[in-house]
Amino acid sequence: MTVPPVPSAPPPPKKDHRVQIVVAIIGACAAILAALIPVAISRFDDPEPTPSPTTATPTRDVTPIGDVTPIGDVTLAGDETPAGDETPETTPPGPDPALAVPEDYRGSWSGQVDWRPPLQGSYSTTLTISAGSLGAMVGQFSAQGDTCRGALWLEAGGGPIVLRLKTTYDGGGCSSLADVKLTLDDDGDLRYELIAAQFPQGFVNQPAPPATGTLTRD
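Attention here is on the structure that accompanies the text. This one's a predicted model, so the numbers in the text were calculated from it and none came from an experiment.

Remarks on the overall build of the protein chain
Logical step 1: Scanning the protein chain from N- to C-terminus turns up one helix and nine strands.
Logical step 2: Listed by position from the N terminus, the elements making up the protein chain come as α-β-β-β-β-β-β-β-β-β.
Logical step 3: Residue burial in the protein chain is summarised as follows: out of 218 residues, 22% are buried.
Logical step 4: Here the contacts in the protein chain between residues at least 6 apart in sequence split such that 38% fall between residues at least 24 apart.
Logical step 5: Accessible surface computed for the protein chain: about 16,300 Å², of which carbon and sulfur atoms make up 58%.

Structural data, given as structure tokens:
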């Protein structure tokens, strides 16, 4: 029996050096990329801080807003008074002319006063009237010479005016109290009207007015 011969192994293929060069280049590039990628990622993850402007540090303690305590006469915000807009000083109002003695009524006046019927007689009187307000003493009076003397008190002002005559000296036959209405007429004289009078003998207010007269300026 004839045994066939063992076939011989085929010759090994020739190596292609160009393929080896390309593989080597690719491997080198991969190594370089592997080294650069972590660096690039770290730059994106941790960016360099941007320098901030320098802030001056105060050299003393700063009081927080809201805890400021005004010292002395410090004016808080919102309470300032603009310059030139200061509140002017107010002048107290003078006496109401309707409650005072008008200037035309002031001075010394004298004349004759006649009792009206059924009363009889007359008497002379002098009034010295000064400025004054309601309820104040505004002068003096005399009657029958100096037989009766006293003070004048303003009961109603503005014109006509009403004076209360309070006797402080009674030489005989004087009223203790009397109310007189004075009206300035067109001639500059005073119309004298006795409203009422209190005598030791009694109260006189009738006829109304019980006595009238005209007083002229002395």
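Okay, back to it.
Side note on the layout of surface pockets
Logical step 1: Computed from the structure, the largest pocket encloses a volume of approximately 300 Å³.
Logical step 2: Lining the largest pocket are 20 residues; nearest its centre among them are Tyr 123, Ala 143, Gly 173, Ser 175 and Phe 199.
Logical step 3: Broken down by secondary-structure element, the contributors of at least two residues to the lining of the largest pocket are strand E2 (122-129), strand E3 (137-143), strand E5 (161-170), strand E6 (177-184) and strand E7 (190-199).
Logical step 4: For the lining of the largest pocket, the element with the highest residue contribution is E7, accounting for four residues.
Logical step 5: Class assignment for the residues of the lining of the largest pocket results in 13 nonpolar, seven polar and no charged.

Things to note about unusual backbone geometry
Logical step 1: Residue Pro 117 is joined to Pro 118 through a cis peptide bond whose omega torsion reads 10°.
Logical step 2: Tracing the sequence through the fold places Pro 118 in the loop between strand E1 (107-115) and E2.
Logical step 3: With an omega of -5°, the peptide bond running from Gly 159 to Pro 160 counts as cis.
Logical step 4: Turning to its location among the elements, Pro 160 is positioned in the loop between strand E4 (148-156) and E5.
Logical step 5: Notably, Gln 144 is not glycine yet its phi reads approximately 55°, a positive angle.
Logical step 6: Counting through the fold element by element, Gln 144 comes out in the loop between E3 and E4.

Some details on the state of the cysteines
Logical step 1: Under the counting rule described, the total for this entry stands at one disulfide.
Logical step 2: What pairs with Cys 148 in a disulfide is Cys 174, and their sulfur atoms sit 1.7 Å apart. Note on the Cys 148 and Cys 174 pair: the S-S dihedral is about -85°, so by sign convention the disulfide is left-handed. Here the residue Cys 148 occupies a position in strand E4, and Cys 174 occupies one in the loop between E5 and E6, the gap between them amounting to 26 residues. Neither Cys 148 nor Cys 174 differs from the other in exposure class; each is buried.

What to know about the packing of aromatic side chains
Logical step 1: What the rule picks out here adds up to two aromatic pairs.
Logical step 2: Centre to centre, the rings of Trp 115 and Tyr 123 are 5.8 Å apart; their planes meet at 55°, and the pair counts as tilted.
Logical step 3: When its relative accessible area of 19% is taken as the criterion, Trp 115 is described as buried.
Logical step 4: Judged by centre distance (6.2 Å) and plane angle (55°), the ring pair of Trp 115 and Phe 199 falls under tilted. Highlighted residues: Trp 115 in strand E1 and Phe 199 in strand E7, separated in sequence by 84 residues.

Cut-offs used in this document
- Along every chain, residues carry numbers that run from 1 in the direction the sequence is written.
- Under the rules for a predicted model, residues below a pLDDT of 70 receive no local features and side-chain atom pairs below 80 are neither given nor counted, while totals for whole chains, interfaces and linings still include all residues.
- Only hydrogens and water are removed before side-chain values are computed, so all heavy atoms of the structure are retained for them.
- Helix and strand definitions here come from DSSP, where helices need a minimum of 4 consecutive H or I residues and strands a minimum of 2 consecutive E residues; each element is numbered from the N-terminal end.
- Accessible area is worked out with a 1.4 Å probe on protein chains only. A residue is then buried under 20% of its type maximum, exposed over 50%, and partly exposed in between.
- Only heavy atoms enter the contact rule, under which two residues are in contact if any of them lie within 4.5 Å.
- Residue exposure ignores everything except the shown protein chains as possible cover, and the areas themselves are Shrake-Rupley values with a 1.4 Å probe.
- Using a 1 Å grid laid over the protein atoms alone, points where a 1.4 Å probe fits but cannot get out form a cavity; open sets with protein on both sides within 12 Å along at least 5 of 7 lines form a pocket; any residue with an atom within 4 Å of a point counts as lining.
- Grid points are joined across faces, edges and corners, and a volume is the space filled by probe spheres set on the points.
- Gly is placed with the polar residues, together with every amino acid not listed as nonpolar (Ala, Val, Leu, Ile, Met, Phe, Trp, Tyr, Cys and Pro) or charged (Asp, Glu, Lys and Arg).
- The term disulfide is used for any two cysteine sulfur atoms that are within 2.5 Å.
- When the centres of two rings from Phe, Tyr and Trp lie within 6.5 Å, Trp using its six-membered ring, the rings pair. Their planes under 30 degrees apart give stacked, over 60 give edge-to-face, and anything left gives tilted.

Honestly, that's just the spatial picture; any functional story needs more than this.
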